[in-house]
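Chain by chain, the residues:
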Amino acid sequence: MEPDLGTRTDRRSTAYLFVEDAEALARTWLAAGADVRLPQDTEWGRHEGVLVDLDGNVIRFGSPINAD
């Protein structure tokens, strides 16, 4: 039997968004007042950040590291 999703208290989720410009997305969300961790370069070649929404859901987002 499936749990009643409307009454669960542990409904947090995670997601990963592949975007063209993680820095621009982070700045847009910050300007809107969101809880955003600014993107940082990773050892696996991504520029990644994190958004935590008001329900505690975690949305990681990343773009390729610029070759500048």
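Because the structure is a prediction, the values reported are computed rather than measured. (Residues numbered from 1 in each chain as written. Predicted model: local features only at pLDDT ≥ 70, side-chain atom pairs only at ≥ 80, totals over all residues. Heavy atoms only, no water.)

**Q** Please clarify how the nonpolar core should be interpreted in this entry.
**A** It is characteristic of soluble globular proteins that their nonpolar side chains tend to be buried jointly. Counting six residues, the largest nonpolar core consists of Ala 22, Leu 25, Ala 26, Val 36, Leu 51 and Phe 61. The biggest single contributor to this core is helix H1 (residues 22-31), with three residues. (Core = buried A, V, L, I, M, F, W, Y, C linked by side-chain atoms within 4.5 Å. Buried < 20%, exposed > 50% of the residue type's maximum accessible area, 1.4 Å probe, protein only. Helix = DSSP H or I, 4+ residues; strand = E, 2+ residues; numbered from the N terminus.)

**Q** How should the sheet that holds strand S1 (residues 14-18) be read in this particular structure?
**A** Strand-to-strand pairing in sheets goes through backbone hydrogen bonds, with the strands running parallel or antiparallel. Taken together, the four strands give an open sheet; going across it, the order is S1-S4-S3-S2, and neighbouring strands pair in mixed fashion. Each having just a single partner strand, S1 and strand S2 (35-41) make up the two edges of the open sheet. The mean angle between the axes of side-by-side strands here comes to 15 degrees, regardless of whether they run parallel or antiparallel. When S2 meets strand S3 (residues 46-52), the two strands line up antiparallel, connected through five bridges. From the neighbouring strand, Asp 41 faces S3, where its bridge partner is His 47. In the packing of H1 onto the sheet, the strands contacted are S1, S2, S3 and strand S4 (58-64), and the crossing angle to S2 comes to about 165 degrees. (Pairing = 2+ DSSP bridges. Axes fitted to C-alpha atoms, helices over the stretch in contact; angles between N-to-C directions. Contact = heavy atoms within 4.5 Å.)

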